[in-house]
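Report on the structure
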Amino acid sequence: MKKNITIAFLLIPCLIFSQTKRVALNKYFSYYHLSVDSAETPNLYYQVYNWIGAKYKYSGDTKKGIDCSGFTTEIYKHVYCIELTGGSGDIYKHVTPINKMDLKEGDLVFFKIYKGRISHVGIFLGKNKFVHATTQHGVIISDLNEDYYKKYYFKAGRIINQHQPNDNNSYTYGKAN
């Protein structure tokens, strides 16, 4: 009996923290008219929230510094159990192109910013918002309707097996390991 009370007592702070974090997440994402509660993959939002504000570093892959493809790779690894490698152009070679109007949460958006080649990638969240690592502001959420992104937008794509989050399988570019 004493052991059960101790365990219950220890779990209460975890439950309170979990609920507090969920409220904070919903408050943060509501600014962008997004909701964790209605997300297809809430873990995507949790992971994004943990990366917001991380500084930009070319070829970086940690919260101390990360670039757009490194950020996309980290999110896909932790949310969808999919291993991506290479830069944004390399990642694009392994997506199934989709129409911009068919974008779903977790799909990828690609941009041709430098020298007419694919040089930037972000992850679509919904309601025209996407998350990405920028050279100026690090990891942020932006809108595809912003003039800058409308100008450089190239295409959208979907990784095969993407919409099967949190299973025990690991994929590399949509192929079972």
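Fair warning: this is a prediction, and the values are worked out from it, not measured in the lab. (Residues numbered from 1 in each chain as written. Predicted model: local features only at pLDDT ≥ 70, side-chain atom pairs only at ≥ 80, totals over all residues. Heavy atoms only, no water.)

Topic: the side chain of Glu105
If you trace the backbone, Glu105 turns up in the loop between strand E4 (96–98) and strand E5 (108–111). A polar contact of 3.2 Å, which involves the side chain of Glu105, links it to the backbone nitrogen of Glu40. (Helix = DSSP H or I, 4+ residues; strand = E, 2+ residues; numbered from the N terminus. Polar contact = N/O pair within 3.5 Å; in protein donor to acceptor, adjacent residues only side chain to side chain.)

Describing the confidence of the model for the protein
Parts of the prediction with low pLDDT should not have their coordinates interpreted in detail. Residue-level pLDDT values for the protein average 85, and 80% of them are 70 or greater. Long-range and interchain partners of residues 5–17, a stretch whose pLDDT sits below 50, account for zero contacts in this model, where long-range means more than four residues apart. Contacts from residues 165–177, a stretch scored under 50 in pLDDT, to residues over four places away or in other chains number 33 contacts. (pLDDT = per-residue confidence, 0-100. Contact = heavy atoms within 4.5 Å.)

A look at the sheet that holds strand E8 (residues 138–143)
Pairing in this open sheet of six strands is antiparallel, and the strands run E4-E9-E5-E6-E7-E8 from one edge to the other. A strand with exactly one partner marks an edge of an open sheet, and here the two such strands are E4 and E8. For this sheet, the mean angle separating the axes of adjacent strands, direction not counted, is 35 degrees. When strand E7 (residues 129–134) meets E8, the two strands line up antiparallel, connected through six bridges. Along E8, the bridge assignment pairs His132 with Ile140. (Pairing = 2+ DSSP bridges. Axes fitted to C-alpha atoms, helices over the stretch in contact; angles between N-to-C directions.)

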